[in-house]
Amino acid sequence: MKMEVITTPEATEFDVVVIGGGPGGYSTALYGASAGLRVAVVEHDKVGGTCLHRGCVPAKEFLETASVVRTVAGAKEFGVQAGQPVVDFAVSQGRKQKVVDQLFKGLAGLMKGRGIVTFDGTGTLLPDHRVRVEPNPGAEGGAFEITGRNVVLATGSAPRTIPGFDVDGRLVLTSDEVLSLEALPASLAVIGGGAIGCEFASMFSDLGCQVTVLEALPTLLTGCDKDVVAVVARSFRKRGITVHTGVKVTGHTPNGAGTTVSFGDGESVTVDAVVVSVGRRPLSERLLADGTGVTVDDRGFVTVDEYQRTTADGVWAVGDVVDTPQLAHVGFAEGILAIKTMLGEAALPVEYSRVPWAIYCHPEVAFAGLTEAQAEEAGIDVVVKKDPFGGNSRARILGETDGLVKVVAERLPDGRAGRILGVHMVGPWVTEQLGQGYLAVNWEATPEEVGQFIQPHPSLSEAFGETVLALTGRGLHVG
Ligand code: NAI
């Protein structure tokens, strides 16, 4: 669908001008418009941003394809004869694109319905809350200016690359290119074993590709709880994914159809393609003209206070262009916070140490709050309980028993468990199960309080209930 966009403005004065139409920008716009503000968005591509077009949504759609492959491959165990699954990747691509297009159409319609004016072009902040809109190449009309009583910077981020790995879309890819591949490579090296790297490694392995992960740090998924990482690492190993941690990648040498990647102490791997997933950098280079008063740090992040205010009055920044967790839902929260604050309403800053994290590799990972190691580093004495999914009826029924729930609580002077500080999950559908753990952590609830609540039986969520009950000192199944 071609969005209805404006290249020659009829109106130039707005309550809020948002530069960038990704999750940070569109949530700001939708929330602002719901509050009765007159809002404009400047976007040079499609609203929805990286998340909808080149990130979260297409990646999760392909991970669902991977899940279907696993289900079909395991069907015999249930007495269902389905044969070995064969992936027709063109069809998978088509389905992914259909999902993305439907969501894009829905978002564009929602924005239009709320009276949000979308300008097609690149926005640059000028002094005095003016925004210059440079139409996209080939578009009619020249550059023009609009003004907002408030301006919100939401230009997002782009994949980081590493020296010696020039992205060509054939041998060397980032998440931008991987999600539009026309055919599956037979072998792949994934550089970086963080959230994106593990999602791609898991997905391509399930789709039949030979995957090697090269990670500079000592473990996969740095920042996740060590028990959770161990489950993912074991599953990767069992499924034939090769993981090298603590290795430095030194370069690659193309050889006909593929390339040989060198790493570590003279080691190498020859693959069809390389995916570089070593983090994302903020997109702030051409965002600010001289004299705006907005400060950008030495890594390119726009500086904000805890209410998303930049150093210039009436200019705000949200999403990946600020130095907070690069998660779409954090962008949503920051957009809402910015609008509430500009309206003078009571608003709570985002508690970044307690936001929900969800990584959709197989097995899935989800968590909120402190890991056991982080709590100990902070000098907090903790009580910890874990419930492996192996003992959970629903997980057995599904045939998905890899994983566990781990709850970290502070230790009270009498040794009992006090406030729940962290909930860490790995296993089937945990990204959908984290809600209760997220609430417990953010409500600063105790195991006694949460243990009162009943979980349906049989359900995966019983693992969380069991773990919390065990923390009261009296578990049913967990000691
Ligand atoms: P990341 O920061 O999560 O992981 C990058 C990994 O690459 C790190 O483990 C790092 O040690 C490693 N690395 C860096 N340079 C390297 C090198 N030269 N050689 C080998 N390894 C190297 O970044 P990622 O995975 O690219 O994701 C970007 C952002 O997007 C993150 O903030 C992530 O949290 C977010 N994201 C979240 C998702 C989710 O929650 N489901 C999914 C995708 C992204």
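This text follows the structure it describes.
Let me begin by describing the structure that accompanies this report. The structure presented is a predicted model; accordingly, all values stated were derived computationally and were not measured.

What counts as what
Residues numbered from 1 in each chain as written. Predicted model: local features only at pLDDT ≥ 70, side-chain atom pairs only at ≥ 80, totals over all residues. Heavy atoms only, no water. Near = heavy atom within 4 Å. Polar contact = N/O pair within 3.5 Å; in protein donor to acceptor, adjacent residues only side chain to side chain. Areas by Shrake-Rupley, 256 points an atom, 1.4 Å probe, with all protein chains shown as cover. Helix = DSSP H or I, 4+ residues; strand = E, 2+ residues; numbered from the N terminus. Nonpolar A, V, L, I, M, F, W, Y, C, P; charged D, E, K, R; others polar. Pairing = 2+ DSSP bridges. Axes fitted to C-alpha atoms, helices over the stretch in contact; angles between N-to-C directions. Contact = heavy atoms within 4.5 Å. Buried < 20%, exposed > 50% of the residue type's maximum accessible area, 1.4 Å probe, protein only.

**Details of the site of the ligand**
Argument step 1. What surrounds the ligand is a group of 23 residues, the closest being Ile196, Glu199, Glu215, Gly279 and Ala358.
Argument step 2. Glutamate 199 has a polar side-chain atom sitting 3.0 Å from a nitrogen atom of the ligand.
Argument step 3. At 3.1 Å, a backbone N or O of alanine 216 approaches a nitrogen atom of the ligand.
Argument step 4. In isolation the ligand has 830 Å² of accessible area, and contact with the protein removes 79% of it.
Argument step 5. Every element with two or more residues in the shell around the ligand is listed here: α6 (195-206), β9 (210-215) and β17 (357-359).
Argument step 6. Residue contributions to the shell around the ligand peak at four residues, all from α6.
Argument step 7. Here the shell around the ligand is composed, by residue class, of 13 nonpolar, six polar and four charged.

**Structural notes on the sheet that holds strand β11 (residues 249-255)**
Argument step 1. Strand order in the open sheet made by the three strands is β11-β12-β13, with antiparallel pairing throughout. Two strands close off the open sheet at either side, each with one partner strand: β11 and β13 (267-271). Averaged over neighbouring strand pairs, the angle between their axes works out to 20° when direction is ignored.
Argument step 2. In the sheet, strand β12 (residues 258-263) pairs with β13 via five bridges, with the strands oriented antiparallel. Residue threonine 260 lies in a different strand from β13, and its bridge partner there is threonine 270.

**Thoughts on the side chain of serine 202**
Argument step 1. Inspection of the secondary structure assignment puts serine 202 in helix α6.
Argument step 2. Those residues within four positions of serine 202 in sequence are excluded, and the remaining contacts are Phe236, Arg239, Ile241, Cys361 and His362.

**Notes on the pairing of strand β21 (residues 417-427)**
Argument step 1. Among the 11 residues in β21, 10 count as buried, and that is most of the element.
Argument step 2. Strand direction decides the pairing type here: strand β18 (residues 364-369) and β21, joined by six bridges, are antiparallel. Looking across to β21, one finds that alanine 368 is bridged to valine 423.
Argument step 3. Pairing of strand β20 (residues 404-411) with β21 involves seven bridges; the strand directions are antiparallel. Within the sheet, the bridge partner assigned to leucine 404 lies in β21 and is valine 426.
Argument step 4. Linkage of β20 to β21, two consecutive antiparallel strands, is achieved through a turn of five residues, within which glycine 415 is found at a positive phi near 95°.

Keep in mind that these numbers describe shape and distance, not what the molecule does.
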